[in-house]
Amino acid sequence: MKLIHLSDLHIGKKINERSMLDEQKYILDQILEGVRAEKPDAVLISGDVYDKTTPPLEAVMLLDDFLNKLEIDGLTVLLISGNHDSPERLSFGAKRMKKSGLYIKSVFDGDLTPVTLSDEYGEVNFYLVPFIRISDVNRVYETDFRDYTMAFLHVVEKMGIDPSKRNILLSHQFVAGASFSESESAIGGIDSISTVAYEPFDYTALGHIHKPQYVVNERLRYCGTPLKYSASEIGFEKTYTVVELYEKPASDKLCRMSIRTVPLNPLHDMIKLTGSFDELMNMSRNENGYVTEDYVYAVLTDSDYINDPASHLRNLYPNLLSVSYKGNGRTATLYSPESEGEHNSKTPVDIFEEFYRKMHDGEEIDEDKKIILKAAIKEVWGEEGEQQ
């Protein structure tokens, strides 16, 4: 059985307020070409399909188009939600979609019934576990776990796994020992799960971490994002993962399998350029008059401050993301005029809610906290919550 493992599409993402939708459409079309060439039995999407819990309409339409094209090709698609997704929005129509081969598990409700597919070697059970917190496990099972690993082990125990069959898990969590980039966040390791919890599975299709990697062994794999979403990912090769499952001998605990990766080539790459202002301004240009149309993080080595370097650099680097100075602690992040207006129009409530989501893995602030927040802002900034 052949599987394609994807995760962390983050459709609708912006980098320094620049929309990545065109880049995402380009890379999803490239993935579709690969899927049609590979002819897999199923496509696994391990969470963070969207970048925000309330994705823009364009993002919803792009995902819908991608899934529709997979459906037209007659593929089975197994999809779980991540911490950036809204479980309720992602699960809309999920029961109806099963008829067309799209299985979505976005709300953790304790139902761990696997999706079962078959090939010449027998059945393969796919367990879909969306992003969960300890509180989700305690709520569903009326337990009182305080440790992430113990909570997740309890979930695995509830699956009642048949070890004689091939078992695949889709999971969107931090696994202890994985390395992550600045586009993810972990709170001192307290939200990581031991690899022990994943040992019963022949393969675990992980999502959550943007750098493609194995953890301990190839059967426990993050496929990574299909695009670079932060400067810390510069130099990473982005890929999708192809997994082929074979027989499971009675004498072995796990099935035989092969895993390989297929490179993805973005519409525009992400790069870092370091040099003096004059050096960056005097680099050779292409036929369009640009040095490069890739996404650029520019690092200036000038000892003297340059007045508004971004406005000049942007003429040669249309996808300039930021300018910083090397070694003197001065950093300036650039925004387009349109995004500056958007940012300036945000109220203190908007800004704090955005900050709260970043600090709590995409979770929205609840109404009780929002009431306290608005009262505090009114005390400082006045009735409308606007700076005076």
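Here, every reference points to the structure presented above.
The present account deals with the structure reproduced in this document. These figures come from a predicted structure and were not determined experimentally. (Residues numbered from 1 in each chain as written. Predicted model: local features only at pLDDT ≥ 70, side-chain atom pairs only at ≥ 80, totals over all residues. Heavy atoms only, no water.)

## Digging into the sheet that holds strand β7 (residues 115-119)
Okay, so step 1: Spatially, β7-β8-β9-β12-β14-β13 is the arrangement adopted by the six strands of the open sheet, whose pairing is mixed. The outermost strands of the open sheet, each flanked by one partner alone, are β7 and β13 (213-215). Across this sheet, the average inter-strand angle for adjacent strands is 30°, counted without regard to direction.
Okay, so step 2: Here strand β9 (residues 166-172) runs beside strand β12 (residues 203-207); their pairing, made up of five bridges, is parallel. When the bridges of β12 are listed, isoleucine 168 appears paired with tyrosine 203. (Pairing = 2+ DSSP bridges. Helix = DSSP H or I, 4+ residues; strand = E, 2+ residues; numbered from the N terminus. Axes fitted to C-alpha atoms, helices over the stretch in contact; angles between N-to-C directions.)

## Things to note about the nonpolar core
Okay, so step 1: Within the largest apolar cluster, 39 residues are counted, with the highest numbers of intra-cluster contacts made by Ile11, Val43, Ile45, Phe66, Leu67 and Leu70.
Okay, so step 2: Sorting the residues of this core by element identifies β1 (2-6), α1 (21-38), β4 (42-46), α2 (57-72), β5 (76-80), β6 (102-105), β15 (239-245) and β18 (295-300) as the ones contributing at least two each.
Okay, so step 3: When residues no more than four places from it in sequence are discounted, the contact partners of isoleucine 45 are Leu6, Leu9, Phe66, Leu67, Val77, Leu78, Leu79, Ile80 and Leu170.
Okay, so step 4: Of all hydrophobic cores here, the second largest spans 29 residues; its members include Phe131, Val137, Tyr148 and Val156. (Core = buried A, V, L, I, M, F, W, Y, C linked by side-chain atoms within 4.5 Å. Buried < 20%, exposed > 50% of the residue type's maximum accessible area, 1.4 Å probe, protein only. Contact = heavy atoms within 4.5 Å.)

## Regarding the packing of helix α5 (residues 134-141) against helix α6 (residues 148-159)
Helix packing geometry: the angle between the two helix axes and the distance between the axes.
Okay, so step 1: It is the contact of α5 with α6, at a shortest axis distance of 9 Å, that shows an interaxial angle of 45°. By the angle between their axes, α5 is oblique relative to α6. For the element pair α5 and α6, the recorded crossing hand is left-handed. Counting all contacts with α5, which are made through Ile134, Val137 and Tyr141, the residues of α6 involved are Tyr148, Ala151, His154, Val155 and Lys158.
Okay, so step 2: Here the residues of the contact of α5 with α6 are counted per class, giving six nonpolar, one polar and one charged. (Parallel < 35°, antiparallel > 145°, perpendicular 65-115°, else oblique. Left-handed = near helix turned anticlockwise from the far one by under 90°. Nonpolar A, V, L, I, M, F, W, Y, C, P; charged D, E, K, R; others polar.)

## Here we look at the packing of aromatic side chains
Okay, so step 1: Under the criterion given, the structure shown has four aromatic pairs.
Okay, so step 2: Between phenylalanine 108 and tyrosine 141 the ring centres are 6.1 Å apart and the planes differ by 70°, which places this aromatic pair in the edge-to-face class. Taken together, the residues span a long stretch of sequence, with phenylalanine 108 in the loop between β6 and β7 and tyrosine 141 in helix α5 at a distance of 33 residues. Each member of the pair phenylalanine 108 and tyrosine 141 is classed as buried.
Okay, so step 3: Between tyrosine 305 and tyrosine 325 the ring centres are 5.6 Å apart and the planes differ by 25°, which places this aromatic pair in the stacked class. Taken together, the positions of tyrosine 305 in the loop between β18 and α8 (309-316) and tyrosine 325 in strand β19 (residues 320-325) put the pair 20 residues apart, joining distant regions of the chain. (Phe/Tyr/Trp six-rings, centres within 6.5 Å; stacked < 30°, edge-to-face > 60°.)

## Focus on the packing of α1 against α2
Okay, so step 1: Closest axis-to-axis distance for the α1/α2 pair is 11 Å, and the angle between their directions is 5°. Considering the angle they form, α1 stands roughly parallel to α2. Of the residues in α2, those touching α1 at Leu21, Gln24, Lys25, Leu28, Asp29, Ile31, Leu32, Val35 and Arg36 are Glu58, Ala59, Leu62, Phe66, Lys69 and Leu70.
Okay, so step 2: Grouping the amino acids of the contact of α1 with α2 by side-chain chemistry returns nine nonpolar, one polar and five charged.

## Description of α6
Okay, so step 1: Helix length check: α6 (twelve residues) gives 17 Å between terminal C-alpha atoms against 16 Å at 1.5 Å per residue, within 8%.
Okay, so step 2: Buried positions along α6 lie against β8 (122-129), α5, β9 and β11 (192-193).
Okay, so step 3: For α6, the N-terminal capping position is held by aspartate 147, with its side-chain oxygen 3.0 Å away from the main-chain nitrogen of threonine 149.
Okay, so step 4: One or two residues past the end of α6 sits glycine 160, with phi positive at roughly 60°. (Expected span 1.5 Å × (residues − 1). Polar contact = N/O pair within 3.5 Å; in protein donor to acceptor, adjacent residues only side chain to side chain.)

## Concerning α2
Okay, so step 1: Its 16 residues place the ends of α2 22 Å apart at the C-alpha level, agreeing with the 22 Å of an ideal helix rising 1.5 Å per residue.
Okay, so step 2: Within the span of α2, buried status applies to Ala59, Leu62, Leu63, Phe66, Leu67 and Leu70. The arc that holds the buried residues of α2, viewed along the axis, is 125°, so those residues lie on one side. Residues of α2 that are exposed and point more than 90 degrees away from the buried face comprise Leu57, Met61 and Ile72. (Arc of directions from axis to C-beta.)

## Structural notes on unusual backbone geometry
Okay, so step 1: Even without being glycine, glutamate 142 reaches a positive phi, approximately 55°.
Okay, so step 2: Within the secondary structure, glutamate 142 sits in the loop between α5 and α6.
Okay, so step 3: On the basis of relative accessibility, which here comes to 73%, the residue glutamate 142 falls in the exposed class.
Okay, so step 4: Despite not being glycine, valine 216 shows a phi value in the positive range, around 75°.
Okay, so step 5: By the element assignment, valine 216 lies in the loop between β13 and β14 (217-222).

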